[in-house]
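Residue-level structure breakdown
One-letter residues, chain by chain:
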Amino acid sequence: MNKIVSILFFINVSYSSIPLVGNDFLKEYPFDKIEDEMSDEESSKYIFYNGYFEGWIGGNQWIVINGGKDIIKGITVKKLSILLKEYLDDNPTKKYRELSLLVGDVLLEQLPKH
């Protein structure tokens, strides 16, 4: 039993450590579809990526609540998905960067220029 658990643990760790990249987002996110028109797989990807973006927005809200600066003021999940797609369309050489780095790039571009 311990052998099986150990094997499953290592398989899980191996596959869960594969990072998402921008190209995954471009291929999987159901752009231009409303939720009622999505297949189960498209709906699943839609919920996954929107939850991922919601995590970024929620993290920013936590920072603000704890006295930090609101760096993504007014950015919604929908807006973030649009900004990321536009960023990747304008920078195709970056589509194989990790998604977390790309979201950071997109949010940094939204900061006021001084």
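Above: the structure in question.
Just so it is clear, the model here is predicted, and its values are computed rather than measured.

Glancing now at the pattern of salt bridges. Counted under the stated rule, the structure contains four salt bridges. As a salt-bridge pair, Glu 28 and Lys 45 come within 3.7 Å of each other at their nearest N and O atoms. Note that Glu 28 is positioned in helix α2 (residues 22-28) and Lys 45 in helix α3 (residues 40-65), a separation of 17 residues in sequence. Judged by relative accessible area, which is 27%, Glu 28 ranks as partly exposed. With its nearest N and O atoms 2.3 Å apart, the salt bridge here joins Arg 97 to Asp 105.

Moving on: the packing of aromatic side chains. Applying the stated rule across the entire model yields nine aromatic pairs. Their ring planes at 75 degrees and their centres at 5.6 Å tell us that Phe 25 and Phe 53 sit as a pair that is edge-to-face. Of the two residues, Phe 25 sits in helix α2 while Phe 53 sits in helix α3, which places them 28 residues apart along the sequence. A relative accessible area of 0% means that Phe 53 is categorised as buried. Ring centres 5.1 Å apart and planes at 80 degrees place the aromatic pair Phe 48 and Tyr 49 in the edge-to-face group. Taking the relative accessible area as the measure of exposure, Phe 48 reaches 43% and is therefore partly exposed. What links up through ring pairs into an aromatic cluster is the set Phe 25, Tyr 29, Phe 31, Tyr 46, Phe 48, Tyr 49, Tyr 52 and Phe 53.

For helix α4 (residues 77-90), which comprises 14 residues, the first-to-last C-alpha distance of 20 Å matches the rise-based estimate of 20 Å (1.5 Å per residue) to within 8%. Every buried residue of α4 is accounted for by Val 77, Leu 80, Ser 81, Leu 83, Leu 84, Tyr 87 and Leu 88. Down the axis of α4, the buried side of the element spans an arc of 165 degrees, and every buried residue falls inside it. For α4, exposure combined with an orientation more than 90 degrees from the buried face picks out Lys 78 and Asp 90. Buried residues in α4 make contact with α2, α3 and α5 (99-110).

Rules and cut-offs
- Residues numbered from 1 in each chain as written.
- Predicted model: local features only at pLDDT ≥ 70, side-chain atom pairs only at ≥ 80, totals over all residues.
- Heavy atoms only, no water.
- Salt bridge = Lys/Arg side-chain N within 4 Å of Asp/Glu carboxyl O.
- Helix = DSSP H or I, 4+ residues; strand = E, 2+ residues; numbered from the N terminus.
- Buried < 20%, exposed > 50% of the residue type's maximum accessible area, 1.4 Å probe, protein only.
- Phe/Tyr/Trp six-rings, centres within 6.5 Å; stacked < 30°, edge-to-face > 60°.
- Expected span 1.5 Å × (residues − 1).
- Arc of directions from axis to C-beta.
- Contact = heavy atoms within 4.5 Å.

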